[in-house]
Structures are given as structure tokens and as C-alpha cells.
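Descriptive analysis of the structure
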Amino acid sequence: MTSQDRSVYDVAIIGAGPAGSVLALVLARSGLSVALLDQSEFPRRKVCGCCLNGNAMAALKQCGLANLPKSLGAKPVVRMQLRCDKRVAELQFQNNWSVSRTRLDLALVEHSQLAGATFLPGQRATMGDVSDTLRKVELHSKSGNSSIAARIVVVAHGLKEGTIARDSRLGVGAILPRAPQSMAYDGLLMAVGRGGYVGGVRIEDGQYDLAAALDVDFLKAKGTIANAVCDILRQSGITETAELAAADWKGTPLLTRRPTEIAGERWFAVGDTAGYVEPFTGEGMAWAMNGALELAPIVQQSVSNWQFELIQAWSNLHQRKIARRQWLCRVLSRALRSPSLSRGLVTGLKLFPGLAQPVLRQLSRPTESLAGVIE
Ligand SMILES: Cc1cc2nc3c(=O)[nH]c(=O)nc-3n(C[C@H](O)[C@H](O)[C@H](O)COP(=O)(O)OP(=O)(O)OC[C@H]3O[C@@H](n4cnc5c(N)ncnc54)[C@H](O)[C@@H]3O)c2cc1C
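Please read all numbers here as calculations on a predicted model, not as lab measurements. (Residues numbered from 1 in each chain as written. Predicted model: local features only at pLDDT ≥ 70, side-chain atom pairs only at ≥ 80, totals over all residues.)

**Regarding the overall build of the chain**
- Of the regular secondary structure elements, the chain holds 12 helices and 20 strands.
- Over its C-alpha atoms the chain spans a radius of gyration of 21 Å, differing by no more than 12% from the 21 Å that the globule rule assigns to 375 residues.
- By principal-axis analysis of the C-alpha atoms, the chain measures approximately 60 × 45 × 40 Å.
- Looking at the chain as a whole, 48% of its 375 residues are labelled buried. (Helix = DSSP H or I, 4+ residues; strand = E, 2+ residues; numbered from the N terminus. Rg over C-alpha atoms; globule rule 2.2 N^0.38 Å. Buried ≥ 20, exposed ≤ 12 C-beta atoms within 10 Å, placed from the backbone.)

**What about the sheet that holds strand E4 (residues 75-76)?**
- Taken together, the 3 strands give an open sheet; going across it, the order is E3-E7-E4, and neighbouring strands pair in antiparallel fashion. Each of the sheet's edge strands pairs with one partner strand only, and the pair in question is strand E3 (51-52) and E4.
- Pairing of E3 with strand E7 (residues 97-98) involves 2 bridges; the strand directions are antiparallel. Looking across to E7, one finds that leucine 52 is bridged to tryptophan 97. (Pairing = 2+ DSSP bridges.)

**Thoughts on the environment of aspartate 272**
- Positionally, aspartate 272 belongs in the loop between strand E20 (267-269) and helix H8 (284-304).
- Assessed through the 28 C-beta atoms surrounding it within 10 Å, aspartate 272 is described here as buried.
- Expressed as a C-alpha distance, the spacing of aspartate 272 and proline 366, which sit 94 residues apart in the sequence, is 18 Å.

**Some points on the nonpolar core**
- Among the nonpolar cores identified, the biggest contains 114 residues, and Ile13, Leu23, Val154 and Val229 are the most heavily contacted of them.
- In terms of residue count, H8 provides more of this core than any other element does, 10 residues in total.
- What isoleucine 13 contacts, discounting residues up to four positions off in sequence, is Gly20, Leu23, Ala24, Val34, Ala35, Leu36, Leu37, Val154 and Ala156. (Core = buried A, V, L, I, M, F, W, Y, C linked by C-beta atoms within 7 Å. Contact = placed C-beta atoms within 7 Å.)

**Observations regarding the sheet that holds strand E5 (residues 79-84)**
- As summarised here, the arrangement of the 7 strands in space is E6-E5-E14-E15-E16-E13-E17, forming an open sheet in which the pairing is mixed. Looking along the sheet, the strands with just one partner apiece sit at the ends: strand E6 (87-92) and strand E17 (250-254). Within this sheet the neighbouring strands show an average axis-to-axis angle of 15 degrees, counted without direction.
- Of the strand pairs in this sheet, strand E15 (residues 196-202) and strand E16 (residues 208-214) are connected by 7 bridges, and their pairing is antiparallel. Its bridge partner being in E16, arginine 202 is matched across the sheet by tyrosine 208.
- The sheet strands contacting helix H6 (residues 225-235) are strand E13 (170-176), strand E14 (188-193), E15, E16 and E17, and the helix crosses E15 at an angle near 90 degrees. (Axes fitted to C-alpha atoms, helices over the stretch in contact; angles between N-to-C directions.)

**Some words on the site of the ligand**
- Of all residues adjacent to the ligand, which total 41 residues, the nearest are Gly17, Gly49, Gly158, Gly271 and Gly284.
- Broken down by secondary-structure element, the contributors of at least two residues to the shell around the ligand are helix H1 (18-29), strand E9 (124-130), E13, E16 and H8.
- For the shell around the ligand, the element with the most residues is H8, which contributes 4 residues.
- Partitioned by chemical class, the residues of the shell around the ligand number 21 nonpolar, 14 polar and 6 charged. (Near = placed C-beta within 6 Å. Nonpolar A, V, L, I, M, F, W, Y, C, P; charged D, E, K, R; others polar.)

**Re the packing of helix H2 (residues 54-62) against H8**
- It is the contact of H2 with H8, at a shortest axis distance of 8 Å, that shows an interaxial angle of 35 degrees. As for how H2 packs across H8, the hand of that crossing is left-handed. On H8, the residues that touch Asn55, Ala56, Ala59 and Gln62 of H2 are Met285, Ala286, Met289, Asn290 and Leu293.
- Split by residue class, the contact of H2 with H8 holds 6 nonpolar, 3 polar and no charged. (Left-handed = near helix turned anticlockwise from the far one by under 90°.)

Below, the structure is given as C-alpha cells:
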């Protein structure tokens with residue numbers, strides 16, 4: 001029997017983003033049989049600001065992949081230009097890198113395969129019934145329906161379920177072959193305006209990643225994603241945006257959400273599925289990968305000896321290690337919805353750029369249990 005023919009695994013992971021792949025990698029290395037499922041064929045595009053902060057880099061290091069971004073052609077991001085209403089502040093970053101999700105996510109999947117995980121792409125998966133020892137996973141692909149079973153199922157399929165925040169924004173993104181002339185800044189350029197914010201950064205091979213969080217009503221009023229993004233850039237003084245109209249824009253579901261539960265009988269959720277706050281601070285990949293590293297020992301224990309107490313154990317640990325770190329992003333995103341607060345913040349940071357350093361340090365600070373592995 002080849003690994004592809006197998007139908008029972010120790011662990012089945014639904015979703016091969018950073019959360020799912022990192023978890024698959026760690027569990028496969030520990031000797032468990034792991035099926036990593038994704039509805040897409042890889043490589044695939046993913047709307048994202050593509051910035052790995054210090055905390056995300058620490059998680060990669062914990063997996064022995066500290067040099068992965070660099071080997072994929074990632075660019076160091078050492079500065080950020082924050083723009084609002086033609087006011088501009090410059091901030092310094094440390095240990096931030098930018099690389100496309102097309103390349104990063106494929107590489108993480110490949111590393112999980114090298115560790116022994118079985119990757120099954122093109123399979124839309126849904127969690128099925130549970131028996132005494134196994135939980136079923138239903139698979140839907142172009143070639144038909146099938147199923148596998150696993151002792152534990154992990155749901156890491158991104159923004160799908162959960163209670164959506166009342167005024168949640170949605171995400172949009174595009175990759176341009178090169179930076180538009182008016183955005184040729186060597187760092188992360190972030191424009192905050194009425195209707196949302198837009199970030200732009202160089203990624204590998206001279207390409208340029210654009211990602212934005214937009215108010216739904218603003219997008220409706222502007223008619224197209226490109227119009228909405230160009231409007232926010234124009235508010236901050238960036239006017240030459242012709243290339244953006246022709247870009248291949250992609251959208252996401254509404255962003256800010258909280259699930260009713262993140263674990264149940266023989267299943268756990270991790271990454272965006274376990275709760276997400278809109279991306280102003282660019283921490284989603286750090287939350288996802290660190291969440292996976294925190295969950296791994298609980299899954300290992302669950303495979304060998306399932307106990308209902310593990311449901312609460314994961315809820316508590318996730319709250320302490322991941323959800324609690326999301327408060328800063330929540331507060332900043334909310335404050336920046338007020339035009340006067342946004343203008344005041346940028347003016348303050350322009351005059352006293354050092355004020356941002358404690359915040360930037362906090363965002364990049366490794367998740368506690370990883371602190372020991374940081375150089
Ligand atoms: C506009 C924007 C900008 C952002 N900028 C940044 C940034 O600069 N830095 C940062 O760290 N984070 C950023 N993020 C957040 C980051 O993209 C996410 O937090 C991160 O991708 C979460 O990883 P994940 O593994 O939980 O989910 P995902 O990366 O969403 O992966 C989920 C996977 O599940 C698959 N899937 C979905 N449904 C199914 C199914 N039924 N069956 C099988 N497979 C399925 C999908 O195809 C996908 O591959 C940004 C997000 C947005 C929207």
C-alpha cells in the first residue's frame with residue numbers, strides 16, 4: 001500500500017496554509033502518520049501582505065527553517081512608511097522579511113512532505129462523524145467523493161466559520177510584476193485612509209505585493225477593488241496608480257471573526273480558523289505558525305490517549321498564547337478607523353518615531369514558549 005492509498009491516519013489536517021503545514025511538519029517528524037489536505041492545487045495564490053515579522057521568523061527557526069525565507073528570495077524589510085492624509089512617518093523594522101505566499105506556502109508543504117506527511121491537494125475536505133477511536137473526513141475532488149479517517153482531525157482551513165465582527169472589513173490583494181513608480185519605496189509602504197488601508201512591499205524576483213483591508217460599504221461605493229485601493233492611496237498623496245487598475249485582484253471573506261469553539265471530540269482548530277483580527281499589524285502568519293507549534297504536543301497526546309479534558313486544555317492554551325496577543329492589533333485597527341486619530345498618530349510618529357519602537361518590539365516578540373530558541 002502506498003501512502004497515497006492509505007485511508008486511516010493518526011492525524012488529518014484540513015488546510016495547508018502556514019498553520020496546517022507547520023503542524024504537519026512537526027507531527028510527521030515525531031513519527032505520526034499525517035494527511036495534509038488542501039482544496040487547491042499548489043502552488044496557489046493567497047491574498048496577504050507577505051511580511052514575516054520577528055515572531056513568525058522565530059516560529060520558522062523553531063522548525064529548523066530559519067533560512068527558508070532567504071532561500072526563497074525573500075527581501076529584508078527594514079523600514080516602513082506610514083502615510084495618512086499626506087502626512088508621512090518613517091519607522092524602522094528588525095528581522096522582517098517579505099516573500100510571496102505562493103512560494104512560502106509551497107515550500108512549507110514540501111518540508112512537511114520531506115518530514116513524512118502525505119499531501120493531498122485538490123481535496124475539499126469536511127469533518128465527518130466520530131466513532132470510538134476515529135473521526136471521518138469527507139473529501140470532494142474533481143474525480144469524485146471519498147473519505148479518510150484519523151484519530152485526530154485538525155481544522156486549519158483559514159477564514160471559513162465563526163461569528164463575524166459587526167463592522168468587519170474584507171481583504172483584497174494583487175501581485176504586480178514590479179513596483180509602480182509612485183510606490184517605489186524600499187520598505188513597507190502603508191497608506192491609511194477613509195475606507196481602509198493599503199500596504200505595498202517588494203517581494204522576490206522584483207515583484208510587488210499589494211494587500212488591503214477595506215470597508216464593505218466603501219468598496220461598494222467605489223464599484224471595483226482597484227478603484228477602492230487607488231482612492232485610499234490618493235488620499236495619502238500617491239496619485240500615479242494606473243498599473244493597479246489592470247492588476248488581477250483577489251478578495252477574501254470578511255476578516256475579523258471568532259469561532260464559537262476551537263476544539264471538540266477528536267478535533268482541534270488552529271490558525272485563522274481559531275480566530276482572526278484584521279491584518280493591520282501583519283501578524284497572521286506568526287499567530288498561525290505559533291498556534292501550530294503550541295497545538296502539536298496536545299495532538300500528540302490526543303493520538304496516543306484521547307481525553308475530553310484536552311478540548312479545554314487547547315482552548316485555554318490558545319487563549320493564553322495566541323488570542324491574548326491579538327489585542328494590540330484589535331486596538332490599533334479600531335483606532336485607525338477614526339480619521340482624526342489616524343492623522344494624529346502619523347503626525348506623532350513623524351515627530352517622535354522612537355514612540356513606535358515599544359509597539360514594534362511587542363509585535364515581533366517571540367511567543368513565550370519559543371523565547372529560549374531565539375538567538
Ligand atoms: C489583506 C491581508 C494582508 C495580510 N498581511 C499579512 C502579513 O503581512 N503578514 C502576516 O503574517 N499575515 C498577514 N495576513 C494574515 C495571513 O494571511 C493569515 O493570518 C494566514 O494566512 C493564516 O494562515 P492559516 O494557515 O491559518 O490559513 P490560510 O493561510 O488561509 O490557509 C488555509 C488553507 O486551507 C485551504 N482550505 C480552505 N478550505 C478548505 C477545505 N474545505 N478543504 C481543504 N482545504 C481548504 C485553503 O486553500 C488554504 O490553503 C494578511 C491577511 C490579509 C487578508
